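What the coordinates show
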Amino acid sequence: MARRTLPLSLVAPVLALAFTTSCTSVAVPPGGATPGAWPAAETRLAPVDAAWVESTLGTLSLEAQVGQLVFPWISGAYWADDDPEMAEALRWVENDEIGGVVISIGTPLAYAAKLNALQARARVPLLVTSDFENGGPGMRIAHLYALPTLLSAGGGTSFPPTMAFGAVGDEGLVERFARATAREARAVGVHVIFAPVLDVNSNPENPII
């Protein structure tokens, strides 16, 4: 019986991003950006990377291909090796072969330790995502303060809320903010951030918006 596979258009982008996120590029219109002139982002893989995607996809069962499209939420807090939540996440990686995770609030050390442990168990590299949509890395990579001195123990840089950048209207400032956010995300193992986002503030009783 022939191996059943999902359409390459569904699974290959996940594999490609997990392997080489640095190959994603956006063409910039000559003379800079003008309203309506930005094209869609294109993922351009080197031949060796494209060959890796094809060969890796060919080794996956149908169930594993479906798993590559699943990205469960996990806490960013520290988990010990024998923590039940860590055990569950490892089962997702090893048994279900999930494509990646959406990691929430935690410290830099907890992020790195947890993601390194999960990546070490993954047959296909995990694509790690997170919500840095309001205020940059400091929104998710939390700060700690040592007692009793209250000296900062590190964390992501806290920027003004995204709405503030819109009010300033300085594209160069936004670009520098985005670059700093991307660098800090990659430093703790995050490949894709969900930002910016547009939340419609239609419910005054919802303080998150």
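See the structure shown above.
This report concerns the structure included in the present document.

A count of helices and strands for the protein gives seven helices and eight strands. Per-residue burial over the protein gives 31% buried out of 209 residues. Partitioning the contacts of the protein with sequence separation of at least 6, the portion at a separation of at least 24 is 69%. Carbon together with sulfur atoms contributes 61% to the accessible area of the protein, which is approximately 12500 Å² in total.

Positionally, Thr181 belongs in helix H7 (residues 171–187). Setting aside its immediate chain neighbours within four residues, Thr181 contacts Phe132, Gly136, Pro137, Phe159 and Ile193.

Scanning the model with the defined rule gives four salt bridges in all. A salt bridge links Arg179 to Glu175, with the nearest nitrogen and oxygen atoms 3.1 Å apart. One end of the pair is Arg179 and the other is Glu175, both in helix H7 and four residues apart, which spans about a single turn. Judged by relative accessible area, Arg179 falls into the partly exposed class, the value being 37%.

The next point concerns the packing of aromatic side chains. Using the criterion set out here, one finds two aromatic pairs in the structure. Relative to Phe177, the ring of Phe159 has its centre 4.9 Å away and its plane inclined at 70°; by these criteria the two rings are edge-to-face. One end of the pair, Phe159, is in the loop between strand S7 (151–152) and helix H6 (162–168); the other, Phe177, is in helix H7, with 18 residues separating them in the sequence. On the accessibility criterion, Phe159 (26% relative accessible area) is partly exposed. Using a relative accessible area of 13% as the deciding quantity, one classes Phe177 as buried. Plain terms: the ring middles of Phe165 and Phe177 are 4.3 Å apart, the flat faces sit at 15° to each other, and that makes the pair stacked. Of this pair, Phe165 sits in helix H6 while Phe177 sits in helix H7, and the two are twelve residues apart along the sequence. Through a chain of ring-to-ring contacts, three or more aromatic side chains come together here, namely Phe159, Phe165 and Phe177. One cation-aromatic arrangement involves Lys114 over Trp79; the distance from NZ or CZ to the ring centre is 3.4 Å.

Across the sheet, four strands lie side by side as S3-S4-S5-S8; this open sheet has parallel pairing. The sheet is open, and its two edges are formed by strand S3 (73–74) and strand S8 (192–193), each paired on a single side. Relative to S8, strand S5 (residues 127–130) is paired through two bridges, and the arrangement is parallel. Within the sheet, the bridge partner assigned to Thr129 lies in S8 and is Val192.

Glancing now at H7. For H7, built from 17 residues, the straight-helix expectation of 24 Å at 1.5 Å per residue is met to within 8% by its first-to-last C-alpha distance of 24 Å. Among the residues of H7, Phe177, Thr181 and Ala185 are the ones counted as buried. Down the axis of H7, the smallest arc covering the buried residues is 70°, so these residues share one side. More than 90 degrees from the buried face of H7, the exposed residues found are Arg183 and Ala187.

A word on the environment of Trp73. Among the secondary structure elements, Trp73 is positioned in strand S3. Residue classification places Trp73 among the exposed positions, given a relative accessible area of 53%. Taking the C-alpha atoms as reference points, Trp73 and Val101, separated by 28 residues in sequence, lie 5.9 Å from one another. Other than its neighbours up to four places away in sequence, Trp73 contacts Trp92, Val102 and Ser104.

Definitions and limits used
Residues numbered from 1 in each chain as written. Predicted model: local features only at pLDDT ≥ 70, side-chain atom pairs only at ≥ 80, totals over all residues. Heavy atoms only, no water. Helix = DSSP H or I, 4+ residues; strand = E, 2+ residues; numbered from the N terminus. Buried < 20%, exposed > 50% of the residue type's maximum accessible area, 1.4 Å probe, protein only. Contact = heavy atoms within 4.5 Å. Areas by Shrake-Rupley, 256 points an atom, 1.4 Å probe, with all protein chains shown as cover. Salt bridge = Lys/Arg side-chain N within 4 Å of Asp/Glu carboxyl O. Phe/Tyr/Trp six-rings, centres within 6.5 Å; stacked < 30°, edge-to-face > 60°. Lys NZ or Arg CZ within 6 Å of the ring centre and 35° of its normal. Pairing = 2+ DSSP bridges. Expected span 1.5 Å × (residues − 1). Arc of directions from axis to C-beta.

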